[in-house]
Amino acid sequence: MSNNIDYSLYLVTEAYREGYRSEYLKKVRQALQGGVNVLQFREKNASSLRQFELAKALKDMSQSFHVPFIINDRVDIALAVNADGVHVGQEDLPAEDVRRLIGPDKLLGVSAATVEEAVKAERDGADYLGVGSVFQTGSKGDATLIEMDEIARIRQEVTIPIVAIGGINAENVKRLPERHADGIAVISAILSAADPKGAAEQLKEQFLSKKHK
Ligand SMILES: Cc1ncc(COP(=O)(O)OP(=O)(O)O)c(N)n1
Ligand SMILES: Cc1ncsc1CCOP(=O)(O)O
Ligand SMILES: [Mg+2]
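Residues numbered from 1 in each chain as written. Chains lettered and ligands numbered in written order. Predicted model: local features only at pLDDT ≥ 70, side-chain atom pairs only at ≥ 80, totals over all residues.

If you check an unreviewed UniProt entry, the protein chain appears there as Thiamine-phosphate synthase from Scopulibacillus darangshiensis. Here is the UniProt Sequence similarities (unreviewed entry) comment for the protein chain, exactly as written: "Belongs to the thiamine-phosphate synthase family." (UniProt positions renumbered as here; feature names shortened; annotations may be inferred.)

(A) Layout of the packing of helix 5 (residues 115-123) against helix 6 (residues 148-157). Closest axis-to-axis distance for the helix 5/helix 6 pair is 9 Å, and the angle between their directions is 35°. Considering the relative orientation of helix 5 and helix 6, their crossing is right-handed. Here helix 5 contributes Val-115, Ala-118 and Val-119 to the contact with helix 6, which in turn contributes Arg-153, Ile-154 and Glu-157. (Axes fitted to C-alpha atoms, helices over the stretch in contact; angles between N-to-C directions. Helix = DSSP H or I, 4+ residues; strand = E, 2+ residues; numbered from the N terminus. Left-handed = near helix turned anticlockwise from the far one by under 90°. Contact = placed C-beta atoms within 7 Å.)

(B) Spatial organisation of the UniProt feature "binding site: 4-amino-2-methyl-5-(diphosphooxymethyl)pyrimidine" (unreviewed entry) in the protein chain. On the UniProt side, "binding site: 4-amino-2-methyl-5-(diphosphooxymethyl)pyrimidine" (unreviewed entry) is annotated at positions that read Gln-40, Phe-41, Arg-42, Glu-43, Lys-44, Asn-72, Ser-111 and Lys-140 here. Mapped onto the fold, Arg-42 is located in the loop between strand 2 (38-41) and helix 2 (48-64). What makes Arg-42 buried here is the crowd of 20 C-beta atoms within 10 Å. Other than its neighbours up to four places away in sequence, Arg-42 contacts Val-12, Thr-13, Glu-14 and Asn-72. The exposure class assigned to Lys-140 is partly exposed, which follows from the 18 C-beta atoms found within 10 Å. (Buried ≥ 20, exposed ≤ 12 C-beta atoms within 10 Å, placed from the backbone.)

(C) The arrangement of the pairing of strand 6 (residues 128-132) in detail. Where burial is concerned, most of strand 6 is hidden: five out of the five residues are buried. Inspection of the sheet shows strand 5 (residues 107-112) paired to strand 6 by four bridges, in the parallel sense. Residue pairing for strand 6: Gly-109 is matched across the bridge by Tyr-128. Tracing the backbone out of strand 5, into helix 5 and back to the parallel element strand 6 gives a crossover that is right-handed. (Pairing = 2+ DSSP bridges. Right-handed = clockwise from strand over helix to strand, strands pointing away.)

(D) Structural context of the site of ligand 2. Around ligand 2 sit 15 residues in total, of which Thr-137, Ser-139, Gly-166, Ile-187 and Ser-188 are the nearest. Its residues placed into classes, the shell around ligand 2 shows seven nonpolar, seven polar and one charged. (Near = placed C-beta within 6 Å. Nonpolar A, V, L, I, M, F, W, Y, C, P; charged D, E, K, R; others polar.)

(E) How the structure looks around the sheet that holds strand 7 (residues 162-165). Ordered by their spatial adjacency, eight strands build a closed barrel running 1-2-3-4-5-6-7-8, and the pairing between neighbours is parallel. Neighbouring strand axes in the sheet, compared pairwise and without regard to direction, differ in orientation by 25° on average. Relative to strand 3 (residues 69-72), strand 2 is paired through three bridges, and the arrangement is parallel. Directly across from Phe-41, in strand 3, lies its bridge partner Ile-71. Helix-sheet contacts for helix 8 (residues 196-211) involve strand 1 (9-12) and strand 8 (183-186), and the interaxial angle to strand 1 is about 140°.

(F) The arrangement of unusual backbone geometry in detail. Cis geometry is adopted by the peptide bond preceding Ser-133, which originates at Gly-132 and carries an omega value of 10°. Inspection of the secondary structure puts Ser-133 in the loop between strand 6 and helix 6. Residue His-66 is not a glycine yet carries a positive backbone phi of 55°. Position of His-66 among the secondary structure elements: in the loop between helix 2 and strand 3. A tally of 8 C-beta atoms within 10 Å means that His-66 is categorised as exposed. Even without glycine at this site, Asn-82 takes up a positive phi of about 55°. Within the fold, Asn-82 resides in the loop between helix 3 (75-80) and strand 4 (85-88). On the basis of neighbour counts, which here come to 11 C-beta atoms within 10 Å, the residue Asn-82 falls in the exposed class.

In structure tokens form, the structure reads like this:
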């Protein structure tokens, strides 16, 4: 898929609770109304069948907002729901094999915490990088913190867009290095907010005001 995609505000889902499907879908819709530019489905605790059903619903929803829909880890579910892309990390299926499975036209996102991982991901066919964790996060148990300077170093070595991830909120987004990240990826600052639409609007505004400085 081409890279004229706006990654400014990238929402990663992790809010599904069995029995609360409509509340979950409502939250994600509100976030999309608040200006989310890319949506990633990441519901590791749900069964494969539930993931498939939810992903189908979110694919339709994101399509109605003209927002690319990415599936975390699960190439099978991405293909089954005809998602726009897949995001994989260093412990998932290798990026070059995922690229082969999804073909040239779908988006491939790869997590990178170092320059070496970033350069390899670009070579293996990534369309964008998820770089983090830039701040402490409660949303991913095995996340390791990276130095802020690593984003600048990665920026010098790759041409594909960089999305910063991990513990980002409307306050600390100002501490991200200027101009090096093309977007911010967020779970809790939006999906744990009482007002996901307002939270998305505020985060995006803070990030864009920084990016265009
Ligand atoms: C945009 C984005 N960046 C990084 C990640 C993390 O992916 P990964 O390292 O595979 O960890 P899990 O999300 O699978 O726990 C991401 N999901 N999205
Ligand atoms: C999926 C992922 N990868 C690195 S940190 C993270 C979690 C981000 O969630 P939050 O925005 O709640 O810190
Ligand atoms: Mg993964």
